[in-house]
Amino acid sequence: EGVNVASEQPLAAFWVGEYPASNVGRYREALVAVQVSTKDIPLAYYIPYIYVTNDQALASGRELLGAPKKLAEINIEWSGELMRGELVRGSKLLEITLQPREKGTLEGIRAILPEEIPLLSLRTLPPIKDYPGIAQLVQWHAKIILPENPKILLGPASLKLYGTIADPLDEIKVVNIISGFYIEFDMELHVDRV
């Protein structure tokens, strides 16, 4: 409620990342983020699915941001000139491949990865007996900090989605892949409001 898909053809980002150092330790993450708008925010990303490999990242993301984080196995590897990311939670849920063909520019990457990325997630507390539950839309943002000469690789990407009853990623229908990229950067997360 209060969130609308931002364009006629819905746009989404599929992300597999590795955080070698953070305030909740080393972990990997996979997520789906859909471009949305609200009455106050013309463009943001709503996160319906997010997975992590460490329980501290799980707890802080759920408690503070309302992100629906779940524990999973996430792999990222180079195989020759192909980069592959995989999400497994009982069974395979997502597989992303990228075949880097060119180096990206700072200006080009800022067009798809701006410095400030507004994010939305839904924090919920279920009802207990006669007491109602609570649902809060949490607005937060990621601040993307690029080094002076960032490593940016662009190329064709492929995506395969699978699903289970608990994780129905296969219900997402991907019509077209616009872009695939690999980038190394620092990131800060900030909570804005409920």
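Scroll up a little and you will see the structure.
About the cut-offs
- Residues numbered from 1 in each chain as written.
- Predicted model: local features only at pLDDT ≥ 70, side-chain atom pairs only at ≥ 80, totals over all residues.
- Heavy atoms only, no water.
- Helix = DSSP H or I, 4+ residues; strand = E, 2+ residues; numbered from the N terminus.
- Buried < 20%, exposed > 50% of the residue type's maximum accessible area, 1.4 Å probe, protein only.
- 1 Å grid on protein atoms, 1.4 Å probe; cavity = no way out; pocket = protein on both sides within 12 Å on 5 of 7 lines; lining within 4 Å.
- Points joined across faces, edges and corners; volume = space filled by probe spheres on them.
- Nonpolar A, V, L, I, M, F, W, Y, C, P; charged D, E, K, R; others polar.
- Salt bridge = Lys/Arg side-chain N within 4 Å of Asp/Glu carboxyl O.

1. Description of unusual backbone geometry
So, point 1. Phi is positive for Lys-129, close to 50°, though the residue is something other than glycine.
So, point 2. Note that Lys-129 resides in the loop between β10 (116-125) and β11 (134-145).
So, point 3. Using a relative accessible area of 81% as the deciding quantity, one classes Lys-129 as exposed.

2. What about the layout of surface pockets?
So, point 1. Approximately 260 Å³ is the volume attributed to the second largest pocket.
So, point 2. Along the walls of the second largest pocket sit 14 residues, with Arg-62, Gly-66, Leu-122, Arg-123 and Thr-124 positioned nearest its centre.
So, point 3. Put simply, the parts of the chain that give the lining of the second largest pocket at least two residues each are β4 (44-52), α1 (55-65), β10 and β11.
So, point 4. The biggest single contributor to the lining of the second largest pocket is β10, with 5 residues.
So, point 5. The residue inventory of the lining of the second largest pocket, partitioned by class, reads 7 nonpolar, 4 polar and 3 charged.

3. Looking at the pattern of salt bridges
So, point 1. Per the counting criterion, the structure on display carries 11 salt bridges.
So, point 2. Ionic pairing is found between Arg-193 and Asp-40, a salt bridge with its closest N-O pair at 3.3 Å. Note that Arg-193 is positioned in strand β15 (residues 186-193) and Asp-40 in the loop between β3 (27-37) and β4, a separation of 153 residues in sequence.
So, point 3. Accessibility expressed as a relative area gives 47% for Asp-40, which makes it partly exposed.
So, point 4. Across the salt bridge formed by Glu-95 and Arg-84, the nearest N and O atoms sit 3.0 Å from each other. Highlighted residues: Glu-95 in strand β8 (residues 91-98) and Arg-84 in strand β7 (residues 82-89), separated in sequence by 11 residues.
So, point 5. On the accessibility criterion, Glu-95 (13% relative accessible area) is buried.
So, point 6. A residue is classified by how much of its surface remains accessible, and Arg-84, at 23% relative accessible area, is partly exposed.
So, point 7. Through salt bridges that share partners, Glu-77, Arg-84, Glu-86, Lys-92 and Glu-95 make up one connected network.

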